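# Per-entry structural report
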Amino acid sequence: MTPRPEGEAAHFRALETLYTEAPINRLFVSTLEIPEPGVARIRFMVDERYYHAAGAAHGTSYFKMLDDAAFYACNSLVTDRFLLTTQFNLLLTRPIKAGEVMAEGRWVSGRRRVFVADARLIDASGEEVARGTGTFMRSQIALAGLPGYRTA
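Per-chain numbering applies: the sequence of each chain, read as written, is numbered from 1 onward. Owing to the predicted nature of the model, reporting of local features is limited to residues with pLDDT of at least 70; listing and counting of side-chain atom pairs is limited to 80 or more, with chain, interface and lining totals taken over all residues. As a rule here, side-chain values cover all heavy atoms of the structure and leave hydrogens and water aside.

On to the nonpolar core, then. Buried residues of nine kinds, namely Ala, Val, Leu, Ile, Met, Phe, Trp, Tyr and Cys, make up a nonpolar core once their side-chain atoms join them within 4.5 Å. Exposed residues in this analysis have more than 50% of their type's maximum accessible area, buried residues have under 20%, and partly exposed residues fall in between, with area computed by a 1.4 Å probe over protein chains only. By size, the foremost hydrophobic cluster in this structure holds 38 residues, and its most contacted members are Ile42, Met65, Tyr72, Ile96, Leu121 and Phe136. If you list the elements that add at least two residues to this core, you get helix H1 (7–21), strand S1 (30–36), strand S2 (39–46), helix H2 (59–75), strand S3 (81–92), strand S4 (99–109), strand S5 (114–122) and strand S6 (128–142). Put simply, DSSP marks the helices as runs of H or I at least four residues long and the strands as runs of E at least two long, and each gets a number from the N terminus on. Looking at which element gives the most residues to this core, the answer is H2, with nine residues. The criterion used for residue contact is that any of the two residues' heavy atoms lie within 4.5 Å. Apart from the residues lying within four places of it in its own chain, the contact partners of Leu121 are Phe44, Tyr62, Met65, Leu66, Ile96, Val101, Met102, Ala103, Glu127, Glu128, Val129 and Ala130.

In this section: the packing of aromatic side chains. Any Phe, Tyr or Trp ring, taking Trp's six-membered ring, that has another such ring centre within 6.5 Å forms a pair; planes under 30 degrees apart are called stacked, those over 60 apart edge-to-face, and the others tilted. Scanning the model with the defined rule gives six aromatic pairs in all. Judged by centre distance (5.7 Å) and plane angle (25 degrees), the rings of Phe28 and Tyr50 are stacked. Taken as a pair, Phe28 in the loop between H1 and S1 and Tyr50 in the loop between S2 and H2 lie far apart in primary sequence, 22 residues in all. By the burial criterion, Phe28 is buried, and Tyr50 matches it. Between Phe71 and Phe82, the aromatic rings sit 5.1 Å apart at their centres with planes inclined by 55 degrees, giving tilted as the arrangement. Highlighted residues: Phe71 in helix H2 and Phe82 in strand S3, separated in sequence by eleven residues. Above the ring of Trp107, the side-chain terminus of Arg111 is found at 4.6 Å from the ring centroid. For a ring to carry a charge above it, either NZ of a lysine or CZ of an arginine must fall within 6 Å of the ring centroid while also lying within 35 degrees of the normal to the ring plane.

Here's what the structure looks like:
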């Protein structure tokens, strides 16, 4: 039998499960990995289902993945409460075509009430196609009460 992760690792795995079980991720099939405190990576595939009329990924895909990566980078540092996005700024630099894309979020500052993180999207060719910065705030929502967040 494989031992269950403890402490920080258990928190990271519980956040990954919480992400997987969120209903929105039935529309945006993706995988979250939290390799260390303050870092989150999301891998997803873009295909024609996500395209706007001009044949590239719609901005909703950019925002969702950048926001999620930045959010989970910050929530990896908080073990008791769910964070909420209060602001997010986007810079879209290139169109995304079909293929695998990775969003990487990194915590920048804040540890009490407000957190700031940067995120970037890297396309299948290794090019950065977008970046964003988000501000996240502690909510009154306990992580332990959310379906999918299981540390034991």
